[in-house]
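Okay, here's what each chain looks like letter by letter:
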Amino acid sequence: MVDNASRAGGADGPAQVTTSVARRIQPGREHDFVSWTDAGIALARTFPGFLGGGWLRNSRIDDEYYVVYRFADEQTMDDWVSSPVRKAWLSRGEGVAVEYATHRLSGIEGWFEPQQHLTHAVRVHGASAPPPRWKQAITIWLGFFPLSLAINLLVIGHLDAVPVVLKTLIATLINTPLMVYLVLPWLTARLQRWLG
């Protein structure tokens, strides 16, 4: 990678977002591609929330390159992606390379992306690659156990006459959104160093 994507953001901040774009280079246009890509990364640097980026060449396929860049959160990434500056930069690259795959990973949803679906740059070079399954399991359990205990004590314990299937339905309807939107983002932010 030409320019390392730096890690930033505090433990309480939003999840960083890494995007990997795979491109096939037109024959004889490698130098043009590198110059064009470096110019795009220089433009991205001027946007708030940009944390770093660079390009990688596939060691097995000569005409395949990956551009990897990271932003502080989804909003700052979206500001760059939808900007007129980026659109103008992309138009200058027409005829140089063809984009054929893009992957964006952030927070816990990156954990569940099958490894074979990630671009080579994310998979091999570890840009926001998911933590090992055993760390995922421990993190989920650390959130799930206290939340389940609280729901059982505060809600399910007061539903003695309700059938067990309905109790389970109620518990999971409460538990799932709390885990996805509150507990796991809070936990992963605090365990970021250990999970990385």
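Here, the structure is the one placed above.
Counting from 1, residues in each chain are numbered in the order their sequence is written. Totals for whole chains, interfaces and linings use all residues, but because this is a predicted model, local features are given only for residues with pLDDT of at least 70 and pairs of side-chain atoms are given and counted only at 80 or more. The basis for every side-chain value is the complete set of non-hydrogen atoms in the structure, without hydrogens or water.

Novice: I'd like to hear about the nonpolar core, residue by residue, with values.
Specialist: Counting residues in hydrophobic clusters, the biggest one holds 20 residues, and the most contacted among them are Phe 33, Phe 50, Tyr 69, Phe 71 and Trp 80. Helix and strand labels come from DSSP, where a helix needs a run of H or I of at least four residues and a strand needs a run of E of at least two; each type is numbered from the N terminus. Per element, the largest residue contribution to this core is five residues, and it comes from helix H1 (residues 30-45). Contacts between residues were defined by any pair of non-hydrogen atoms, one from each residue, lying within 4.5 Å. Apart from residues lying up to four places away in sequence, Phe 50 is in contact with Ile 41, Ala 44, Arg 45, Tyr 69, Arg 70 and Phe 71. Core analysis: the second largest hydrophobic core is formed by six residues, Leu 147, Ile 151, Ile 156 and Met 179 among them. In this text, buried Ala, Val, Leu, Ile, Met, Phe, Trp, Tyr and Cys residues form a nonpolar core when linked through side-chain atoms within 4.5 Å. Each residue is placed in one exposure class: buried if its accessible area under a 1.4 Å probe, protein chains only, is under 20% of its type's maximum, exposed if it is over 50%, and partly exposed if it falls in between.

Novice: Any chance you could break down the packing of aromatic side chains for me, citing the residues and the numbers?
Specialist: Between the rings of Phe, Tyr and Trp (Trp by its six-membered ring), a pair exists once the centres lie within 6.5 Å; its type follows the angle of the planes, with under 30 degrees stacked, over 60 edge-to-face, and the other angles tilted. Taken as a whole and assessed by the stated rule, the structure comprises 10 aromatic pairs. Judged by centre distance (6.1 Å) and plane angle (50 degrees), the rings of Phe 33 and Trp 36 are tilted. In this pair, Phe 33 and Trp 36 are both assigned in helix H1, three residues apart and thus about one turn of the helix distant. Relative accessible area serves as the criterion here: at 10%, Trp 36 is assigned to the buried category.

Novice: For H1, give the residues involved together with the corresponding values.
Specialist: What sets the pattern is the α-helix's 3.6 residues per turn: residues three or four places apart point alike. For H1, spanning 16 residues, the distance from its first C-alpha to its last is 23 Å, which sits close to the expected 22 Å at 1.5 Å a residue. Every buried residue of H1 is listed here: Phe 33, Val 34, Trp 36, Thr 37, Gly 40, Ile 41 and Ala 44. A helix's residues, less one, multiplied by 1.5 Å, set its expected span.

Novice: Give me the lowdown on empty space enclosed by the protein, citing residues and values where you can.
Specialist: Both site types are read off a 1 Å grid over the protein atoms alone. A 1.4 Å probe that fits but cannot get out defines a cavity, while an open set with protein on both sides within 12 Å along at least five of seven lines defines a pocket; lining residues have an atom within 4 Å of a point. Grid points are joined across faces, edges and corners, and a volume is the space filled by probe spheres set on the points. Per the counting criterion, the structure on display carries one cavity of 30 Å³ or more. Looking at the largest cavity, its volume works out to about 100 Å³. Val 21, Arg 23, Thr 37, Gly 40, Ile 41, Ala 44, Phe 50, Val 67, Tyr 69, Trp 80, Arg 86 and Trp 89 are the residues that line the largest cavity. Every element with two or more residues in the lining of the largest cavity is listed here: strand S1 (17-25), H1, strand S3 (64-71) and helix H3 (84-92).

Novice: Summarise the packing of H1 against H3; cite the residues concerned and give the values.
Specialist: The interhelical angle for the contact between H1 and H3, taken along N-to-C directions, is 175 degrees, at an axis separation of 10 Å. In terms of orientation, H1 lies roughly antiparallel with respect to H3. On the side of H1, the interface is formed by Trp 36, Thr 37, Ala 39, Gly 40 and Leu 43, while H3 contributes Val 85, Trp 89, Leu 90 and Arg 92. Geometry is summarised by axes, namely lines fitted to C-alpha atoms with helices restricted to the contacting stretch, and by angles between N-to-C directions that run from 0 to 180 degrees. The labels follow the angle: roughly parallel below 35 degrees, roughly antiparallel above 145, roughly perpendicular from 65 to 115, and oblique for the rest.

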